[in-house]
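Okay, here's what each chain looks like letter by letter:
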Amino acid sequence: GMNKIDGAIEQLEESVKRAPQRAGIFTNLGVLQLTRGDRTGAEATFRKGAEVNPRSPDARLALANLYSATGRPQRAEEELVEALKLDDTHVLANRAMAALRAQQGESAAAEAHLRKAAAFSSDDDDKLALADHLFVTERAEEAEAIVRTIATSNSPRANAARMRLATLALRQSKPTEAK
């Protein structure tokens, strides 16, 4: 429980002293602080990570996620913009920006980030998220093509894709008239 988290935090604090230039240490430490309920400490740690590693999109993304979770969408957006300036192909930053743009009602901007996440992602979850967006925005043909490709592959997400195709087929079938 908490003793393990406290122990891990102590180890990471030691690592920070030994190798402060490693952005991942700050991200991990901040996440553990959040797990312990220490939002203020986590924010300070994530900020320090971004300061020590100004070229790290992960440090910016960690801050953005914290701001998002604590109801500060403006600050989240600023950090995501910075993260994407550092690496515009960053899958998680594009995914987070897509969610933010969707919340703001900016469908086209959300889609652009979903497309970027799908293009650079190592799994099919981002492609399925893009397909879901396309279904919702009345572009079923493009969505179906994406989903069909995944459904007929050996992807771990093939079953999820097949379920989407089945759902789509049900929606498109017209109920027959009772005689």
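Attention in this report is confined to the structure presented alongside it.

Procedures and definitions
Residues numbered from 1 in each chain as written. Predicted model: local features only at pLDDT ≥ 70, side-chain atom pairs only at ≥ 80, totals over all residues. Heavy atoms only, no water. Helix = DSSP H or I, 4+ residues; strand = E, 2+ residues; numbered from the N terminus. Areas by Shrake-Rupley, 256 points an atom, 1.4 Å probe, with all protein chains shown as cover. Core = buried A, V, L, I, M, F, W, Y, C linked by side-chain atoms within 4.5 Å. Buried < 20%, exposed > 50% of the residue type's maximum accessible area, 1.4 Å probe, protein only. Contact = heavy atoms within 4.5 Å. Salt bridge = Lys/Arg side-chain N within 4 Å of Asp/Glu carboxyl O. Expected span 1.5 Å × (residues − 1). Arc of directions from axis to C-beta.

Considering the overall build of the protein chain
So, point 1. From N to C terminus, the protein chain includes 10 helices and zero strands.
So, point 2. Along the chain direction, N to C, the helices and strands of the protein chain fall in the order α-α-α-α-α-α-α-α-α-α.
So, point 3. Split by element, the accessible area of the protein chain, about 10,700 Å² in all, is 53% carbon and sulfur.

Some points on the nonpolar core
So, point 1. Core analysis: the biggest nonpolar cluster contains 17 residues, and Leu128, Leu130, Ile146, Val147 and Ala161 have the highest contact counts within it.
So, point 2. For this core, the secondary-structure elements that each account for two or more residues are helix H7 (107-120), helix H8 (125-136), helix H9 (140-151) and helix H10 (158-172).
So, point 3. Here Ala161 is in contact with Leu128, Val147, Ile150 and Ala151, once residues within four sequence places are set aside.

Focus: the side chain of Asp126
So, point 1. Examined against the element boundaries, Asp126 turns out to sit in helix H8.
So, point 2. Setting aside chain neighbours within four positions, we find Asp126 in contact with Val91, Arg95, Ala117, Ala118 and Ser121.

What to know about the pattern of salt bridges
So, point 1. Taken as a whole and assessed by the stated rule, the structure comprises 17 salt bridges.
So, point 2. For Arg139, the salt bridge identified is with Glu111, shortest N-O distance 2.3 Å. Here the residue Arg139 occupies a position in the loop between H8 and H9, and Glu111 occupies one in helix H7, the gap between them amounting to 28 residues.
So, point 3. For Arg139, a relative accessible area of 31% puts it in the partly exposed group.
So, point 4. Relative accessible area serves as the criterion here: at 11%, Glu111 is assigned to the buried category.
So, point 5. The partner of Arg148 in a salt bridge is Glu144, with the nearest N and O atoms 2.5 Å apart. Of this pair, Arg148 and Glu144 both sit in helix H9, four residues apart, which is roughly one turn of that helix.
So, point 6. Salt bridges linked by common partners bring Glu111, Arg115, Arg139 and Glu142 together as one network.

Concerning H9
So, point 1. In this model H9 runs 15 Å from its N-terminal to its C-terminal C-alpha over 12 residues, within 8% of the 16 Å that 1.5 Å per residue would give.
So, point 2. Buried residues of H9: Ala143, Ile146, Val147, Ile150 and Ala151, and no others. Looking down the long axis of H9, one finds its buried residues gathered within 135 degrees of arc, a one-sided arrangement. Pointing more than 90 degrees away from the buried face of H9 are the exposed residues Glu141 and Thr149.
So, point 3. Residues of H9 that are buried sit in contact with H8 and H10.

Topic: the side chain of Asp124
So, point 1. Within the fold, Asp124 resides in the loop between H7 and H8.
So, point 2. Those residues within four positions of Asp124 in sequence are excluded, and the remaining contacts are Ile150, Ser155 and Arg157.

Details of unusual backbone geometry
So, point 1. At Glu138, a position not held by glycine, the phi torsion is positive, near 65 degrees.
So, point 2. For Glu138, a relative accessible area of 71% translates into the label exposed.

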